[in-house]
Amino acid sequence: MEQALSGSESTPPRAPVTPDATGELHELAAGFYKWTSVRTEDVPKMPVEKQMYSAFRDLVLFDMRCLKGIVPDPPEGCCVLLPYSEGSNFKPVYSNESDKLDQVLVVRAWDSSVAGVAQPKYADTFAVVEVKRVEKVSFDGSSRAVRDGGAVLQKARQQLVRYNRQIYEHQHNRMFTWGLTVCNSLVRACLFGPDRVLSSEDIDVATPEGRRVFVGLLVNLCLREESRRGYIPTIRQHENPDGRYWTIR
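Right, let's walk through the structure included here. Worth saying up front: this structure is predicted, and the values here are computed from it rather than measured.

Two quantities define a packed helix pair, namely the angle between the axes and the distance from one axis to the other. Two numbers describe how helix α3 (residues 49-70) lies on helix α5 (residues 208-223): the axes approach to 11 Å, and their chain directions differ by 55°. Classified by the interaxial angle, the pair formed by α3 and α5 is oblique. Judged by the twist between their axes, the crossing of α3 over α5 is right-handed. In this structure, α3 uses Phe56, Leu59, Val60, Asp63, Met64 and Leu67 to contact α5, whose residues at the interface are Phe214, Val215, Leu218, Val219, Cys222 and Leu223. Class assignment for the residues of the contact of α3 with α5 results in 11 nonpolar, no polar and 1 charged.

Positionally, Thr40 belongs in the loop between α2 (22-36) and α3. Those residues in contact with Thr40 that lie beyond four places of it in its chain are Met46, Cys183, Asn184, Ser185 and Leu186.

Right, let's talk about α5 for a bit. Here α5 is 16 residues long and its end C-alpha atoms lie 22 Å apart, about the 22 Å a rise of 1.5 Å per residue gives. For α5, the set of buried residues is Gly210, Val213, Phe214, Gly216, Leu217, Leu218, Val219, Asn220, Leu221, Cys222 and Leu223.

Each value, and the rule that gives it
Along each chain, numbering runs from 1 in the same order as the chain's sequence is written. Totals for whole chains, interfaces and linings use all residues, but because this is a predicted model, local features are given only for residues with pLDDT of at least 70 and pairs of side-chain atoms are given and counted only at 80 or more. Neither water nor hydrogens contribute to the side-chain values; these are computed over all heavy atoms in the structure. A fitted line through C-alpha atoms represents every axis, and for helices the fit uses only the stretch in contact; the resulting angles, taken between N-to-C directions, go from 0 to 180 degrees. Only DSSP runs of H or I covering at least 4 residues are called helices, and only runs of E covering at least 2 are called strands; the numbering of each starts at the N terminus. Any angle that is under 35 degrees is reported as roughly parallel, and any over 145 degrees as roughly antiparallel; angles of 65 to 115 degrees are reported as roughly perpendicular and all others as oblique. By the definition used in this description, the sense in which the near helix is turned from the far one sets the handedness, with an anticlockwise turn below a right angle giving left-handed and a clockwise turn giving right-handed. Residues count as neighbours in contact if any of their non-hydrogen atoms are within 4.5 Å of one another. By the convention adopted, Pro, Cys, Tyr, Trp, Phe, Met, Ile, Leu, Val and Ala count as nonpolar, Lys, Arg, Asp and Glu as charged, and the other residues, Gly among them, as polar. Helices are assigned an expected span. That span is 1.5 Å times one less than the residue count. Burial classes follow relative accessibility: with a 1.4 Å probe on protein chains only, a residue under 20% of its type's maximum area counts as buried, one over 50% as exposed, and anything between as partly exposed.

Function cannot be read off these values alone, since they describe shape.
Dropping the structure here:
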């Protein structure tokens, strides 16, 4: 996790950024700006949760499009991470539980087009993203409820643990999995191992430094080897008209 957050791993030489559609990048930037321009304590200006789903999606798509322009010839095994395409929570395809997810990051091959995923499955989900809008209000007798940031973060983590059980159930080639909590402008990266859960410190995407750390996290996850993303390279998943199967070599 420390290497993924710090960007300490080596990356290939970079070429100049040459995005194919500058207009689309501007549109994506406008989409996530309404989220990343508001500090977490400025609750009245914070977008509602569903708007945060879309803002997170636009930020990830922006980063992935820029990354592919910056790194034209990546090392073997690199990938792109793509979010859910819509701005509402959803039930993953083939899920055997009723839980609805806020957002996900789905693994796709490097040469895939950068666009939101319309029907995500647990079988190809890299990380689940749990979004919470934290309302810090003072109790004046009329407030319906007071939501403490710590309690909301704890609930988000608990939900991620439950969702990651589904990832392990559908992906037999995972050594560990990832998850993200988003509480207002504060993002935390979580790593779920067989016997423990590790969490980063708050990454405040409303600050330049926080955005740098968050973007660095996404970039390093895309450019690192499969094993360092949490996959067992010798176990492969395949699909055919009869269903899904696994091979071990």
